[in-house]
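# Structural overview
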Amino acid sequence: ASENPWWKNATIYQVYPASFKDDNGDGIGDLPGILSKLDYIKSLGVDAIWICPMYDSPQYDMGYDISNYEAVYPPYGTVADVEAIIAGCHERGLRVLLDLVINHTSHLHAWFIESRSSKTSAKRDWYVWRPAKYDTDGTRRPPNNWRSMFGGSAWEWDEETQEYYLHLFAVQQPDLNWENPNTREAIYESAMEFWLRKGIDGFRVDTVNMYSKEQSFGDAPIVDPRLEWQPAPSLYCNGPRIHEFLRRMGEILGKYNAMTVGELPNTPQVEHVLRYVSAKEKQLSMVFQFDIMDVGTGNLRFNTTPRNWTLSDFRERVARTQELLNGTDGWSTSFLENHDQARSISRFGSEETPELWQRSAKMLSMLLASLSGTLYLYQGQEIGMVNMPADWDISEYKDLDSLNYYKFIQEVSRNDSTAVREAKLSLAHLARDHARIPMQWDGTPNAGFTSQSAKSWMRVHDNYPLLNVKRQQHDSTSVFNFWREMLRVRRENPNVFAHGIYSDPEPTKENVFVFEKTADTQKLVVALNFTADDQTLDQLAGYIGAASVKALIRNYDDEPLNLLRPFEGRIYLVEK
Ligand code: TEU
Ligand code: CA
């Protein structure tokens, strides 16, 4: 592989099939809808698209529960539709990534149906089955105290065969047993090579550090005594054989020159992350680290209130992900949104007024695009879409993660109205649903996502008449046109934007975030106001108007000497 593969300077646009564009008017986004918007995606100035799971699935977890890797979920379309998207992208010079979900399958995958059919089934060992434990009084218990990522025990009892199976995620997502070499080969063939042969350019790899589990399956340490089931990521992430498995996957990917971006939660140590992405290891091209996304969240992810993070904490996390590029052969990613996260403006900017919304959307665009690594943009982020309105009813939430959490709080609090109200507020801040409401294309009923008379599978945001693609395309000052300009500036200066070495001179400072990037003879100075107030600042005065300095982009019309206005951002390029 070459020193500078296509993906290093790339911006990759993430598409969520259910909510991007509905072509046939049934209220659910689909593949022909995606095909119809390729010119739009291209017009943003991105290099590739990543399509979230479009595989056949009973949709307990929006397609992350796959029942057949080699087929498409019928409401989304057919395998031929995927082939048309691959061809349509390649014609336009766009690359295509699919989602690779191989930690688990759906409980309705033929492999699992066979596995659970009997203890002696040929595929019994393709999933993780363990006998129950019994208390002295005969009470049956799961093999250990692990909590599933979506709440409850990570083990499900199977009446038929009288054993538990492991599911790190939903009950309907049994974990594959990667210890079995036949299972691994079947995964590589069915989930990977089937699609690589069709000419895709790579994969986003779901939960990439969870395939190898420590085989003793011991109890997790008690981190929260109030919980019956304990979060156990330290016991199932980054397990003993994970790098062996990924190296083998790397060989297969290498045959097709395919890139990968692995999802790497629960791995804060830079040295450890580097093992996954170091070029000489030949495992993954890059990973998504969750340091920034997890700022201000706790063990249950929802136990938080808005803005309970500090800028110093935030910038420390930025530094940690950027550190990965400092003198190593590794690579990194820059992102603030995906289908599992609340909208970044609602979390890190402001939607208090249209003015603050627009300034902060552009400021966050400057932050993201100035960080080194491959840049990822989630659908709707380019027009500044925000969280669902906080006063929407709980019935508008569809994600099982949100609904499990809400039910859990109702149960443990015995429906205490304050606790339930707080749970609802937490969801209004952080639920995955916010990223999953329909894309806002125009100001017509249903926002142009589906036909005007259809019932959209998730409610369309109330703000679509004002906040939509069409309006912003026609407005030169829009968030959409700012993103296009920002991506153009990044493309024109790839060395310092995508490869530069990051440094933060004042990591403990709150309110104003000024950082630098250096590459050869170039230095980037990025100044961002993270508050809705004016902030004075002196260190920019020397750059403004200087001969060797170019003001590349900003989100206000002028550049006062020692003042940053609400959510103001500026980027200067210094040529040495
Ligand atoms: O997410 C894995 C994961 O670690 C999530 O639990 C994440 O931490 C959480 O959503 C909070 O951000 C992946 C997919 O991205 C997610 O959509 C799936 O539900 C999950 O795997 C199971 O396949
Ligand atoms: Ca449809």
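The chain has the name Alpha-glucosidase in an unreviewed UniProt entry, where Penicillium argentinense is given as its organism. We quote the UniProt Sequence similarities (unreviewed entry) comment for the chain here in full: "Belongs to the glycosyl hydrolase 13 family."

What follows concerns the nonpolar core. By size, the foremost hydrophobic cluster in this structure holds 146 residues, and its most contacted members are Val15, Ile49, Val287 and Met366. The element contributing the most residues to this core is helix H12 (residues 354-370), with eight residues. The residues contacting methionine 366, other than those within four sequence positions of it, are Met486, Val526, Leu528, Ile553, Gly569 and Ile571. Ala342, Tyr397, Tyr405 and Ala431 belong to the second-largest nonpolar core, a separate cluster that totals 10 residues.

Before going further, it helps to examine the sheet that holds strand S5 (residues 95-100). If you walk across this open sheet you meet the eight strands as S13-S12-S11-S5-S2-S1-S15-S14, and the pairing is parallel. On the outer flanks of this sheet lie strand S13 (286-289) and strand S14 (333-334), each paired with one strand and no other. One ladder, built from four bridges, connects strand S1 (residues 11-15) with strand S2 (residues 48-51); its direction is parallel. Residue valine 15 lies in a different strand from S2, and its bridge partner there is isoleucine 51.

As summarised here, the arrangement of the three strands in space is S6-S10-S9, forming an open sheet in which the pairing is antiparallel. Pairing within the sheet leaves two strands with one partner each, and these edge strands are strand S6 (129-130) and strand S9 (155-158). Inspection of the sheet shows S9 paired to strand S10 (residues 163-166) by four bridges, in the antiparallel sense. The partner of tryptophan 157 across the bridge, within S10, is tyrosine 164.

This brings us to the site of ligand 1. Among the 14 residues in the neighbourhood of ligand 1, the closest are listed as Tyr64, Met149, Phe169, Pro265 and Asp340. Among the residues making up the shell around ligand 1, the classes are represented as five nonpolar, three polar and six charged.

Relative to the helices and strands, valine 15 resides in strand S1. Judged by C-beta crowding, with 24 C-beta atoms within 10 Å, valine 15 ranks as buried. A C-alpha to C-alpha distance of 22 Å links valine 15 and proline 389, two positions 374 residues apart in sequence. In this structure, valine 15 is in contact with Phe20, Ile34, Ile49, Trp50, Ile51, Cys52 and Gln379, ignoring residues within four places of it in sequence.

The next thing to look at is the packing of H12 against helix H16 (residues 479-492). Where H12 contacts H16, the two axes come as close as 10 Å, and the packing angle between them is 20°. Taken together, the axes of H12 and H16 are roughly parallel relative to one another. Here the hand of the crossing between H12 and H16 comes out right-handed. Contacts from Gln358, Ala361, Lys362, Ser365, Met366 and Ala369 in H12 reach Val479, Phe482, Trp483, Met486, Leu487 and Arg490 in H16. Broken down by class, the residue content of the contact of H12 with H16 amounts to eight nonpolar, two polar and two charged.

Over its 16 residues, helix H6 (residues 181-196) extends 21 Å from the first C-alpha to the last, a length consistent with the 22 Å expected when each residue adds 1.5 Å. Along its length, H6 reaches its greatest deviation from straightness, about 30°, at glutamate 189. Within H6 the residues assigned to the buried category are Ile187, Ala191, Met192, Trp195 and Leu196. In this structure, the buried side of H6 is in contact with strand S4 (68-72), S5 and helix H8 (242-255).

Here is what the cut-offs are and how they apply
Residues numbered from 1 in each chain as written. Chains lettered and ligands numbered in written order. Predicted model: local features only at pLDDT ≥ 70, side-chain atom pairs only at ≥ 80, totals over all residues. UniProt positions renumbered as here; feature names shortened; annotations may be inferred. Core = buried A, V, L, I, M, F, W, Y, C linked by C-beta atoms within 7 Å. Buried ≥ 20, exposed ≤ 12 C-beta atoms within 10 Å, placed from the backbone. Helix = DSSP H or I, 4+ residues; strand = E, 2+ residues; numbered from the N terminus. Contact = placed C-beta atoms within 7 Å. Pairing = 2+ DSSP bridges. Near = placed C-beta within 6 Å. Nonpolar A, V, L, I, M, F, W, Y, C, P; charged D, E, K, R; others polar. Axes fitted to C-alpha atoms, helices over the stretch in contact; angles between N-to-C directions. Parallel < 35°, antiparallel > 145°, perpendicular 65-115°, else oblique. Left-handed = near helix turned anticlockwise from the far one by under 90°. Expected span 1.5 Å × (residues − 1). Bend = angle between axes of the 7 residues up to and from the residue.

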